[in-house]
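What follows is each chain in one-letter form.
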Amino acid sequence: MERVLVTGGAGYIGSHACKFLKQAGYEPVTYDNLSTGWRDAVKFGPFEQGELEDRARLDEVFAKYQPVAVMHFAALSLVGEAMEKPGLYWRNNVCGSLTLIEASVAAGCRNFVFSSTCATYGEHDNVVLDEDTPQEPLNAYGASKRAIEDILRDVEAAHDLKSVIFRYFNVAGADPEAEVGEAHEPETHLIPVVLQAIDGQRDKLTIYGTDYDTPDGTCVRDYVHVCDLVDAHILGLKQLEAGKGSAVYNLGTGDGFSVREVMDAARAVTNLEVPFDEGPRREGDATKLVSGSEKAVTELGWRTKRSTMRQMIEDAWRWHKTGGYA
Ligand code: UDP
């Protein structure tokens, strides 16, 4: 069976990717330092604990499993934290990824699927972003991901490493079977925070800024279901294995939801009120991030199946009610 090395396989998106890889006939090998991931999220293949910057450990894991590809999810990914600790983001994300990329090339594994972000685009007023939109990140998180994209291009020129880069919009929802789901400690992402406020696990949701230039004054984001997102990764992997070459794809739905619209949807799904207050803007936040995904649709044949706001909240709520990982 072909193996895929999944860094960050114990995290939110990585654990869903492992489930889908297994369903697609691959053996997912999780490589994770458990700094933000969960041992209990590794359910679909072997687990190897290690740091991205530990080249000797990576060499050992590549030699042991001989993966046909890497899916690289492991990263620090919080905009607020990146504003406060830029050095941490550059070191962890960029140095760690560079070490992984070099280890992959040295092991002869030349198919690389990379988890990038719409935060690489920064602020672009009144445009639907596409893959050619200039990348002008507003924070060290986006900047670190853009730098890794640059590394992949340079390494491809020298060593023929082929990559599919996915720039995600806001990932939401959970495995409908609730085997894995979103679990961060502390939780900062909008939908799980709203659900925690609804069921009393936190006092309230604070809306970060109500004076944005949007119809209701709150930030607008494009939410995509985690299962649809990882579907695209399987398609990207197959494209690499078919020798079709490197590519970059945005993954979003093209629909924007404001913070208040997400709260309304959560109220409608749960029939419960969302306790909230209104606070100042969060530093580093763009007003609106909405994507076209025509390229992924046309070239990969990607189709979203669960990315309606209602479905994403229903799936997240089902997972939330399981209590998450121990
Ligand atoms: N947000 C908010 N309160 C929260 C968490 C998030 O108002 O407690 C807003 C945030 O400002 C952004 C949107 O919700 O406009 C999505 O934020 P999240 O952290 O989920 O994802 P990001 O867009 O930063 O990747």
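This is a predicted model, so every value here is computed, not measured.

It is worth spelling out the overall build of the chain at this point. If you tally the helices and strands in the chain, you get 10 helices and 14 strands. The globule rule puts the C-alpha radius of gyration for 326 residues at 20 Å, and the 19 Å found for the chain is close to it. Dimensions along the principal axes, computed over C-alpha positions, put the chain at roughly 55 × 40 × 40 Å. Expressed as a percentage of its 326 residues, the buried residues of the chain come to 49%. Contacts in the chain between residues at least 24 apart in sequence constitute 79% of all its contacts with a sequence separation of at least 6.

Of note, Arg57 is situated in helix 2 (residues 55-65). For the pair Arg57 and Phe112, spaced 55 residues apart in sequence, the C-alpha separation works out to 19 Å. Ignoring any residue separated from it by four or fewer positions in sequence, one finds Arg57 in contact with Gly50 and Glu51.

This next bit is on the sheet that holds strand 2 (residues 27-32). Within the open sheet, the 7 strands sit side by side as 3-2-1-4-5-6-11. Their pairing is parallel. The two strands at the open ends of the sheet, each matched to only one other strand, are strand 3 (47-49) and strand 11 (247-251). Shown here is a sheet whose adjacent strand axes are inclined to one another by a mean of 20°, direction ignored. The sheet contact formed by strand 5 (residues 111-117) and strand 6 (residues 162-168) spans 7 bridges and is parallel. Bridged to Phe114 within strand 6 is Ile165. Seen against the sheet, helix 2 touches strand 1 (3-7), strand 2 and strand 3 and runs at an angle of roughly 155° to strand 1.

This part is about helix 4 (residues 86-106). Counted at 1.5 Å a residue, the expected span for helix 4 with its 21 residues is 30 Å, and the 29 Å between its end C-alpha atoms agrees. Along helix 4, the residues that are buried comprise Tyr89, Asn92, Asn93, Val94, Gly96, Ser97, Leu100, Ile101, Ala103 and Ser104. If you follow the buried residues of helix 4, they end up packed against strand 1, helix 2, strand 4 (69-72), helix 3 (79-84), strand 5 and helix 5 (140-159). Once helix 4 ends, the next one or two residues include Gly108, with phi positive near 80°.

Right, let's get into the UniProt feature "domain: NAD-dependent epimerase/dehydratase" (unreviewed entry) in the chain. In the numbering used here, UniProt assigns the "domain: NAD-dependent epimerase/dehydratase" (unreviewed entry) feature to residues 4-252. Counting secondary structure, residues 4-252 comes out at 38% helix and 19% strand; the distance between its end C-alpha atoms is 24 Å.

Turning next to the sheet that holds strand 14 (residues 288-289). An order of 12-9-14 is seen for the 3 strands of this open sheet, with the pairing classed as mixed. Each edge of the open sheet is held by one strand with a lone partner, namely strand 12 (257-258) and strand 14.

With that out of the way, let us pick up the site of the ligand. Taken together, 15 residues are adjacent to the ligand, and His189, Leu190, Val193, Tyr208 and Cys219 come closest. If you list the elements that add at least two residues to the shell around the ligand, you get helix 6 (190-198) and strand 8 (205-208). Take the shell around the ligand: its biggest share by element is 4 residues, from strand 8. A per-class count over the shell around the ligand returns 8 nonpolar, 4 polar and 3 charged.

Think of two packed helices as two axes; the pair is described by the angle between the axes and how far apart they sit. Here helix 2 crosses helix 4 at 40°, and the two axes come no closer than 10 Å. Judged by the angle between their axes, helix 2 and helix 4 are oblique. Considering only the axes of helix 2 and helix 4, their crossing is right-handed. Every residue of helix 4 that contacts helix 2 at Arg55, Leu58, Asp59 and Phe62 is listed here: Thr99, Leu100 and Ala103. Here the residues of the contact of helix 2 with helix 4 sort into 4 nonpolar, 1 polar and 2 charged.

Turning our attention to the nonpolar core. Counting residues in hydrophobic clusters, the biggest one holds 93 residues, and the most contacted among them are Val194 and Val262. It is helix 7 (residues 226-241) that provides the largest number of residues to this core, a total of 8 residues. Shared between two domains, this core takes at least three residues from each, and those domains are domain 1 (3-172 + 224-251) and domain 2 (190-221 + 254-322). Beyond its immediate chain neighbours, meaning those up to four positions away, Val194 contacts Leu205, Val262, Met263, Ala266 and Val274.

Scoring rules and cut-offs
Residues numbered from 1 in each chain as written. Predicted model: local features only at pLDDT ≥ 70, side-chain atom pairs only at ≥ 80, totals over all residues. Helix = DSSP H or I, 4+ residues; strand = E, 2+ residues; numbered from the N terminus. Rg over C-alpha atoms; globule rule 2.2 N^0.38 Å. Buried ≥ 20, exposed ≤ 12 C-beta atoms within 10 Å, placed from the backbone. Contact = placed C-beta atoms within 7 Å. Pairing = 2+ DSSP bridges. Axes fitted to C-alpha atoms, helices over the stretch in contact; angles between N-to-C directions. Expected span 1.5 Å × (residues − 1). UniProt positions renumbered as here; feature names shortened; annotations may be inferred. Near = placed C-beta within 6 Å. Nonpolar A, V, L, I, M, F, W, Y, C, P; charged D, E, K, R; others polar. Parallel < 35°, antiparallel > 145°, perpendicular 65-115°, else oblique. Left-handed = near helix turned anticlockwise from the far one by under 90°. Core = buried A, V, L, I, M, F, W, Y, C linked by C-beta atoms within 7 Å. Domains from an automatic or database assignment.

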